[in-house]
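Structural description and commentary
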Amino acid sequence: MRLAILVFATVITFLASCSAPPATGPEAAKAVIEEAAASMGGWTNIESVKVQEILTGGGHWEPMQAVEPKADPLVVDYFGQRLLVDLEKKRMRLTHDGKRSYPQPGPVKFTEVIDGDVAMLETTSADGKLTTERLHPSRFAARMRDFNRLPIQVLKVAKAAPDLTREADVTIEKKAFHVLKYKDGGSPVELHIEVFNKLPARVIYTEDDPIFGDTLNELGFSDWKDVAGGVRLPHSLSTFLNGTKIREDKVRTLINNPPRFDEAEFAIPDDIRAQPEVGERILSQWTLRRAVIAVGYLDFGRSQSVKLDQLAPGVFHVTGGTHHSLAVEMKDHIVVVEMPLFDERSAAVIKALEEKIPGKPIKYGVISHYHIDHSGGLRTYAAIGATLLAHESIVPFVKETLERPHTIRPDSLSKASSKGSVEGVVDSKELTDGERVVQLIAVPSGHAAGMLVAYLPKEKLLFVSDIYTPGAPIQPGDGNAVALMAAITKANLTVDRIVGGHGGVGPFKDLQKVGAMPKTGS
Ligand SMILES: [Zn+2]
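This one's a predicted model, so the numbers in the text were calculated from it and none came from an experiment. (Residues numbered from 1 in each chain as written. Predicted model: local features only at pLDDT ≥ 70, side-chain atom pairs only at ≥ 80, totals over all residues.)

Notes on the overall build of the protein
Scanning the protein from N- to C-terminus turns up 13 helices and 26 strands. Projected onto its principal axes, the C-alpha coordinates of the protein cover approximately 95 × 60 × 55 Å. Residues counted as buried form 40% of the 522 residues belonging to the protein. (Helix = DSSP H or I, 4+ residues; strand = E, 2+ residues; numbered from the N terminus. Buried ≥ 20, exposed ≤ 12 C-beta atoms within 10 Å, placed from the backbone.)

Quick word on the nonpolar core
Formed by 62 residues in total, the largest nonpolar core has its most connected members in Val-366, Ile-367, Leu-388 and Leu-484. With 58 residues, the next largest nonpolar core counts Ala-37, Val-154, Ile-293 and Phe-342 among its residues. (Core = buried A, V, L, I, M, F, W, Y, C linked by C-beta atoms within 7 Å.)

Brief notes about the sheet that holds strand β16 (residues 325-329)
Pairing is mixed in the open sheet, where seven strands are placed in the order β14-β15-β16-β17-β18-β19-β20. Since the sheet does not close on itself, it has two edges, and those belong to β14 (307-312) and β20 (421-425), each with one partner. The mean angle between the axes of side-by-side strands here comes to 25°, regardless of whether they run parallel or antiparallel. Relative to strand β17 (residues 334-337), β16 is paired through four bridges, and the arrangement is antiparallel. Within β17, the residue paired with Ala-327 across the bridge is Val-336. Docked against the sheet, helix α10 (residues 395-403) engages β19 (387-391) and β20, running at close to 170° with respect to β20. (Pairing = 2+ DSSP bridges. Axes fitted to C-alpha atoms, helices over the stretch in contact; angles between N-to-C directions. Contact = placed C-beta atoms within 7 Å.)

Let's talk about the packing of helix α12 (residues 479-490) against helix α13 (residues 508-515)
Two quantities define a packed helix pair, namely the angle between the helix axes and the distance between the axes. Axis separation between α12 and α13 bottoms out at 8 Å; the angle between their running directions is 115°. The way α12 lies across α13 gives a crossing that is left-handed. Note on element contacts: α13 touches α12 through Leu-511, Val-514 and Gly-515, opposite Ala-481, Val-482, Leu-484 and Met-485. Along the lines of polarity and charge, the residues of the contact of α12 with α13 split into six nonpolar, one polar and no charged. (Left-handed = near helix turned anticlockwise from the far one by under 90°. Nonpolar A, V, L, I, M, F, W, Y, C, P; charged D, E, K, R; others polar.)

Focus on the sheet that holds strand β26 (residues 505-507)
A sheet is described by the order of its strands in space; here six strands give the open sequence β21-β22-β23-β24-β25-β26, paired in mixed fashion. Strands with a single pairing partner mark the edges of an open sheet, and in this sheet they are β21 (428-432) and β26. Geometrically, the sheet is characterised by an average inter-axis angle of 25° between neighbouring strands, direction not taken into account. Examined bridge by bridge, β21 and strand β22 (residues 437-442) share five bridges and lie antiparallel to one another. Of the residues in β22, the one forming a bridge with Thr-432 is Val-437. Where α13 meets the sheet, its contacts fall on β25 (497-500) and β26, and the angle it forms with β26 comes to roughly 70°.

Observations concerning the confidence of the model for the protein
Of all residues in the protein, 95% attain a pLDDT of 70 or more, and the chain-wide mean is 94. Residue range residues 5-17 is modelled with pLDDT below 50. Its contacts to residues more than four positions away, or to other chains, number zero contacts. (pLDDT = per-residue confidence, 0-100.)

Here we look at the packing of helix α2 (residues 26-39) against helix α5 (residues 151-160)
The N-to-C vectors of α2 and α5 enclose an angle of 160°; their axes lie 10 Å apart at closest approach. Judged by the angle between their axes, α2 and α5 are roughly antiparallel. The two elements α2 and α5 meet at a crossing, and its hand is left-handed. In this structure, α2 contributes Ile-33, Ala-36 and Ala-37 to the contact, and α5 contributes Leu-155, Ala-158 and Lys-159. (Parallel < 35°, antiparallel > 145°, perpendicular 65-115°, else oblique.)

A few points about the environment of Leu-462
Relative to the elements of secondary structure, Leu-462 occurs in strand β24 (residues 461-464). A sequence separation of 37 residues divides Leu-462 from Val-499, and the C-alpha atoms of the two residues are 5.9 Å apart.

Observations concerning unusual backbone geometry
A cis amide bond links Tyr-102 with the next residue in sequence, Pro-103, at an omega value of -5°. Considering the arrangement of structural elements, one finds Pro-103 in the loop between β3 (91-100) and β4 (106-115). Of note in the backbone geometry, Glu-173 takes a positive phi value of approximately 45° without being a glycine. Inspection of the secondary structure assignment puts Glu-173 in the loop between β7 (165-172) and β8 (175-184). Residues other than glycine seldom take positive phi values, yet Glu-338 does so here, at roughly 85°. Assignment of secondary structure puts Glu-338 in the loop between β17 and α8 (343-356).

Considering helix α4 (residues 137-148)
Helix length check: α4 (12 residues) gives 17 Å between terminal C-alpha atoms against 16 Å at 1.5 Å per residue, within 8%. Considered for burial, the residues of α4 that qualify are Ser-138, Arg-139, Phe-140, Ala-141, Ala-142, Arg-145 and Asp-146. On its buried face, α4 is in contact with β5 (118-124), β10 (200-209) and α7 (286-292). (Expected span 1.5 Å × (residues − 1).)

Section: the environment of Pro-107
Considering the arrangement of structural elements, one finds Pro-107 in strand β4. Under the C-beta neighbour-count criterion, Pro-107 is labelled partly exposed, with 16 such atoms within 10 Å. Expressed as a C-alpha distance, the spacing of Pro-107 and Val-76, which sit 31 residues apart in the sequence, is 11 Å. Those residues within four positions of Pro-107 in sequence are excluded, and the remaining contacts are Gly-98, Lys-99, Arg-100 and Ala-126.

A few points about the domain arrangement of the protein
Considered domain by domain, the protein is made up of domain 1 (22-292) and domain 2 (307-515). The C-alpha centroid of domain 2 is placed 36 Å from the C-alpha centroid of domain 1. In this complex, domain 1 contributes 15 residues to the contact, which on the side of domain 2 involves 20 residues. Considering each element in turn, the side of domain 1 that touches domain 2 owes the most residues, three residues, to β10. Of the residues contributing to the side of domain 1 that touches domain 2, the split by class is seven nonpolar, three polar and five charged. (Domains from an automatic or database assignment.)

Some words on α2
With 14 residues, α2 should reach 20 Å at 1.5 Å per residue; the first-to-last C-alpha distance of 20 Å fits that figure. For α2, the secondary structure elements touched by its buried residues are α3 (43-48), α5, β7, β8, β9 (187-194) and β10. One or two positions beyond α2, positive phi appears at Gly-41, with a value near 120°.

Concerning the pairing of β19
Most of β19 is tucked away, with four of its five residues classed as buried. Looking at chain direction, strand β18 (residues 362-366) and β19 are connected through three bridges and run parallel. The partner of Val-366 across the bridge, within β19, is Leu-389. Following the backbone out of β18, through helix α9 (residues 378-383) and into the adjacent parallel β19, one traces a crossover that is right-handed. (Right-handed = clockwise from strand over helix to strand, strands pointing away.)

See the structure below:
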């Protein structure tokens with residue numbers, strides 16, 4: 001009887017301990033960190049790792065370049081990477097050797113050297129030319145985030161955070177995780193420790209994205225193995241942006257405290273050190289994503305250059321950067337086609353137009369297509385009360401973009417009273433003030449669903465982004481050029497000049513040369 005009572009009491013105690021909520025708060029967090037450190041081999045072993053050489057192979061995917069907003073992310077490149085990192089002196093040398101398949105097949109070769117607060121970028125172009133420059137401040141910020149979430153570093157960073165705390169456990173895909181929270185350089189961080197093995201499973205930074213706003217940037221750890229020096233480290237690392245995988249690294253070789261490394265690997269020449277670091281250190285994956293697809297990001301976080309090239313009375317090609325817009329002055333308002341890049345770009349364009357055409361509000365902002373570099377300004381136009389016009393297939397994307405919170409780096413819309421509105425365009429839409437006409441025409445193409453071009457019949461101008469770039473070399477029969485030509489023919493447009501979202505302004509005959517339907521064999 002006594003035994004039965006004892007067993008009963010033990011069961012009750014056991015059940016109570018099972019059902020008791022996990023401890024939360026700073027002390028509970030420290031206990032979890034200690035358990036995790038023990039699982040990784042103990043603090044002594046973790047802290048004895050001063051330098052690491054890590055060779056990985058992997059790939060990048062880009063979700064915002066696919067044909068449709070909800071389509072699978074496009075494969076950007078497959079790469080081999082070597083990372084030499086000096087944990088004590090905060091030095092890194094990262095060599096990326098990638099083979100890119102999108103948007104232009106070619107090599108992606110660069111080396112970044114970080115020495116404390118100074119960083120350098122070496123880029124090798126397709127023809128083998130080497131350029132050396134100061135690393136862009138946003139790219140630097142992203143690399144330093146990656147430094148602080150290296151598997152060997154992450155527990156140290158969490159432990160040192162003054163605001164480290166533990167919240168209630170979570171269950172993800174039937175596995176339980178302890179949840180630790182802290183801030184790193186102002187960015188909120190969530191660290192998940194798997195309850196079963198007490199190993200770090202994922203570290204999630206909340207950072208800014210020009211389009212998505214507050215964005216979860218997650219690095220997931222798996223495939224843990226014992227390595228020399230008595231530590232366990234993950235050999236598979238996956239990066240997710242708001243839950244979508246954008247990068248995967250498989251560790252091929254990992255050497256702790258390599259017996260010899262050349263100090264010169266971390267050398268940054270004096271002329272690079274002397275270059276001022278121009279711009280803001282905005283923590284965002286945006287610059288790294290742009291870098292691997294080898295397209296412009298250099299204006300991000302920097303002052304904007306805006307030029308208004310008059311194409312006809314009241315019609316301006318808005319240039320000065322990598323992505324252009326078209327501004328059309330109507331009787332009592334302005335129409336802007338293309339709102340690219342990020343908030344600051346559009347804010348600068350809006351300011352330039354207010355000065356050039358005072359007293360006329362921007363009534364419409366037209367989205368050419370949803371891609372990463374062509375929709376970053378739509379919130380800025382919504383903030384000033386413009387009605388957004390987009391192909392109806394991407395209206396849900398636009399609505400979602402307008403509703404996203406931007407608390408990490410508040411943008412124009414998050415500070416405005418306007419919420420923004422969007423109207424869908426099916427095949428075409430005409431905007432007119434009775435005299436001037438702007439026609440928006442959908443062009444089905446393989447580049448992006450819901451592509452709109454703008455046609456001004458009186459001026460015989462056609463504004464187009466990405467599917468045709470005036471002045472750029474284009475192969476005859478190019479699919480996008482053919483698609484554009486077919487749309488022009490179908491709509492019976494008379495075009496003199498094509499105005500580029502990239503590039504310049506070119507004669508229609510240049511498109512005719514490359515946009516003819518390829519002849520099929522008889
Ligand atoms: Zn595009």
